[in-house]
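# Analysis of the macromolecular model
Chain by chain, the residues:
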Amino acid sequence: MLQINEIFPLLREPKNVVITTHQKPDGDAMGSSLGLFHFLKHLGHSVTVISPTNWADFLDWMPGTKLVLDYERQTEQADQFIDKADWIFCLDFNTLSRTKRMEEKLANATGMRVLIDHHQEPQTEKFAFGNSNTSKSSTCEMIYDFIMESGNEACINQSVADCLYAGVMTDTGSFRFPSTTASVHRMVATLKDKGLQHSHVHEALFDNYLENRFRFIGHVLLNRMEIFYEYNTALIAISQQDLIKYDIITGDTEGLVNYPLSIKGIKFAVIVIDRGEERKCSFRSKGNFDVNTFARKYFNGGGHFNAAGGQSKEPLEAVVAKFKEAMAENKDQLSNYQF
Ligand code: 5GP
Ligand code: MN
């Protein structure tokens, strides 16, 4: 994988570009994809964003979402764009398997794959150019660096600023995680100068839920959360019946895993959700417990040191039992946490 700055001179020639990201894109995935989309359009390229799957409604306010193709629903159309793409930007993921049904198409594409991502253990051999940096707060911050370092600060308009802000804000837990460096704040200051409407972005993301989602959260915290104080750990397990009863759709469970971390003493939180075709796990930690390693070892997943995910084909009860075993195996690290 060559350094990303090697493509800066090539940005001057109009190209056919596809931008893609991980399945079920979150704020950073969609924000970085659309931020780059608006930037490259501004430079005169033909650009299409393809999401491997659908996404949460709370991302629909982002300028450009109406133009994003959902690979599962618009496969043929998306394949045509991939076939003629000179460049395929892969954002906020680093292993092709995170694009689910798009994986094979991406692996066989003739266009050059360009990686911009901040997760651990990238499949660098799969990318012609790239920037993989686990110290970055978000892929949105890396898109901002890409724009600035390529000498195109003038292309940052309000659309770019709003999209990039949404991703950096969500991936840093509203600027509270340790990944929030001085550079992140400097970037936000520049985005403000370019027209960023931060209150509008915050409201669009967080104050737009339907009543059923709030009732669901109440139910989950009351009935589906187990606390293991001796391990400083909390577990939430959600069945398909729960999802159906409360009419829960993509995105409604986003952020739920963070709630138990607000309980005094809790350093490790997991949520397991029965999505039907698989059981999806999310892991979050505070301090020195490495959930990336935990997710890789026990749940076929990965991510960051303090935020990771995984999945299992086993039934919900078996996944919960496996989690409890894994937690016990890590007792020394979990129970000796210094606050
Ligand atoms: P979430 O729990 O919000 O789905 O994901 C937390 C972090 O871990 C995100 O950065 C996400 O991209 C990453 N992640 C989630 N699931 C997986 C997975 O199955 N494999 C890998 N490698 N990373 C994941
Ligand atoms: Mn991210």
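The structure under discussion appears in the preceding block.
What counts as what
Residues numbered from 1 in each chain as written. Chains lettered and ligands numbered in written order. Predicted model: local features only at pLDDT ≥ 70, side-chain atom pairs only at ≥ 80, totals over all residues. Heavy atoms only, no water. Core = buried A, V, L, I, M, F, W, Y, C linked by side-chain atoms within 4.5 Å. Buried < 20%, exposed > 50% of the residue type's maximum accessible area, 1.4 Å probe, protein only. Helix = DSSP H or I, 4+ residues; strand = E, 2+ residues; numbered from the N terminus. Contact = heavy atoms within 4.5 Å. Arc of directions from axis to C-beta. Polar contact = N/O pair within 3.5 Å; in protein donor to acceptor, adjacent residues only side chain to side chain. Pairing = 2+ DSSP bridges. Axes fitted to C-alpha atoms, helices over the stretch in contact; angles between N-to-C directions. Near = heavy atom within 4 Å. Areas by Shrake-Rupley, 256 points an atom, 1.4 Å probe, with all protein chains shown as cover. Nonpolar A, V, L, I, M, F, W, Y, C, P; charged D, E, K, R; others polar.

### Examining the nonpolar core
Burial of nonpolar side chains together is a common tendency in soluble globular proteins. Ile19, Leu36, Leu40, Phe89, Phe146, Leu164 and Leu191 are the most contacted members of the largest nonpolar core, which totals 51 residues. No other element matches the 8 residues that helix H5 (residues 158-171) contributes to this core. Once residues lying within four places of it in the same chain are set aside, the contact partners of Leu36 are Ile19, Phe89, Leu91, Ile143 and Phe146. Tyr231, Ala237, Tyr298 and Val319 belong to the second-largest nonpolar core, a separate cluster that totals 23 residues.

### Some words on helix H10 (residues 291-299)
Along H10, the positions that sit buried rather than exposed are Val291, Asn292, Phe294, Ala295, Tyr298 and Phe299. Take H10 and look down its axis: the buried residues cluster within an arc of 160°, on one side only. Where the residues of H10 are buried, they touch strand E10 (268-274), strand E11 (279-285), strand E12 (302-303), strand E13 (307-312) and helix H11 (316-329). Two or three places before Asn292, at the opening of H10, Asp290 has a side-chain oxygen 3.0 Å from that residue's backbone nitrogen. Note on H10: the residue one or two positions beyond its end, Asn300, has a positive phi of about 55°.

### With respect to the sheet that holds E12
Read across the open sheet, the 6 strands follow the order E8-E9-E10-E11-E13-E12; overall the sheet is mixed. At either end of the open sheet lies a strand with only one pairing partner, and these are strand E8 (225-228) and E12. Judged from the 6 bridges that link them, E11 and E13 form a sheet pairing that is antiparallel. Across the sheet, residue Phe283 finds its bridge partner in E13, namely Ala308. The sheet contacts of H11 involve E8, strand E9 (233-238), E10, E11 and E13, and relative to E9 the element is tilted by about 170°.

### Considerations on the site of ligand 1
Taken together, the neighbourhood of ligand 1 is formed by 14 residues, with Arg98, His119, Ser282, Arg284 and Gly302 sitting nearest. In this structure, an oxygen atom belonging to ligand 1 sits 2.8 Å away from a side-chain N or O atom of Arg284. Contact distances for ligand 1 include 3.1 Å between an oxygen atom and a side-chain N or O atom of His304. When ligand 1 is considered free in solution it has 500 Å² of accessible area, and contact with the protein chains removes 85% of it. Elements supplying a minimum of two residues to the shell around ligand 1: E11, E12 and E13. Per-class residue counts for the shell around ligand 1 are 2 nonpolar, 9 polar and 3 charged.

The values are spatial; any link to function lies outside them.
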